[in-house]
Amino acid sequence: DRTQRQKEAAAQDGSDVLSGLDAFTLSYKVEWPLNIILSRKTLTKYRWLFRHLFSYKVAERELGGAWLCHCGTKSFSVLQAFSLDFSLRARMLHFMQSLQHYLLIDVVEHCWHIFQENMRTASTVEEVLRIHDKLLDSCIKLFLLNDPHLLKMLTRT
């Protein structure tokens, strides 16, 4: 354990400072018998997926805030000077909304339907585990989180 003085020194040089977004995480205590299905590894996969969805929602919200700021400048005679900024912000917001739609509707919902179909035929706990793990792995793959180069770009601040 680090002393309070070490924590304060680290906070001053910025090496251990986390933003609220970086520190935000979901946790769930799983009791028996659900801990058979929702293992620590499985919960980590869920946390990873939800964290990315949350970060995209935060980015969308920030772009929405930028839109509000842009709306405030319409009363000034600077509309022409900021037209490229307005256009870029609008395209970025549209991209974030489209990305979220793709991830939630085309990926998660599609994988969920496949999961439900496969669960109808499951007869053992091992099959349930395999089908559930396949659901999460499919989502991770379609979220493009299994490529280290893309993941590094997504998590870059």
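Keep in mind that this is a model prediction, so the values were computed, not measured.

### Describing a nonpolar patch on the surface
Then step 1. On the surface, Trp32, Ile36, Val125 and Leu129 cluster together into a nonpolar patch covering about 410 Å² of accessible area.
Then step 2. For Val125, a relative accessible area of 46% translates into the label partly exposed.

### Quick word on the environment of Lys57
Then step 1. One can find Lys57 in helix H4 (residues 40–72).
Then step 2. Placed 40 residues apart in sequence, Lys57 and Gln97 show a C-alpha to C-alpha distance of 8.5 Å.

### Observations concerning the pattern of salt bridges
Then step 1. According to the stated counting rule, one finds four salt bridges in the structure shown.
Then step 2. Asp133 serves as the salt-bridge partner of Lys45, at 2.7 Å between the closest nitrogen and oxygen. With Lys45 in helix H4 and Asp133 in helix H6 (residues 125–142), this pair connects stretches of sequence that are 88 residues apart.
Then step 3. As a salt-bridge pair, Glu60 and Lys57 come within 2.9 Å of each other at their nearest N and O atoms. On the criterion of helical spacing, the pair formed by Glu60 and Lys57 is a turn pair, its members being three residues apart in helix H4.
Then step 4. Residues participating in the shared-partner salt-bridge network are Lys45, Asp133 and Asp137.

### Some points on the packing of aromatic side chains
Then step 1. This structure, assessed with the given rule, holds two aromatic pairs.
Then step 2. On the basis of an interplanar angle of 15° and a centroid distance of 6.1 Å, the ring pair of Tyr46 and Phe50 is categorised as stacked. Here Phe50 and Tyr46 lie together in helix H4, a separation of four residues that amounts to about one turn.
Then step 3. On the basis of relative accessible area, Tyr46 is assigned to the partly exposed category, the value being 23%.

### Considering the confidence of the model for the chain
Then step 1. Residue-level pLDDT values for the chain average 80, and 73% of them are 70 or greater.
Then step 2. When pLDDT is averaged over each helix and strand of the chain, the minimum, 54, is found for helix H1 (residues 4–13) and the maximum, 92, for H6.

### Re the state of the cysteines
Then step 1. Scanning all chains against the criterion turns up zero disulfides.
Then step 2. In this structure Cys111 is not part of a disulfide, and its nearest cysteine sulfur, from Cys139, lies 3.9 Å away.
Then step 3. Look at Cys139 and you get buried, because its relative accessible area is 5%.

The rules we used
Residues numbered from 1 in each chain as written. Predicted model: local features only at pLDDT ≥ 70, side-chain atom pairs only at ≥ 80, totals over all residues. Heavy atoms only, no water. Patch = residues over 30% accessible without salt bridge, like charges linked within 9 Å, V, L, I, M, F, W, Y side chains within 5 Å. Areas by Shrake-Rupley, 256 points an atom, 1.4 Å probe, with all protein chains shown as cover. Salt bridge = Lys/Arg side-chain N within 4 Å of Asp/Glu carboxyl O. Buried < 20%, exposed > 50% of the residue type's maximum accessible area, 1.4 Å probe, protein only. Helix = DSSP H or I, 4+ residues; strand = E, 2+ residues; numbered from the N terminus. Phe/Tyr/Trp six-rings, centres within 6.5 Å; stacked < 30°, edge-to-face > 60°. pLDDT = per-residue confidence, 0-100. Disulfide = S-S within 2.5 Å.

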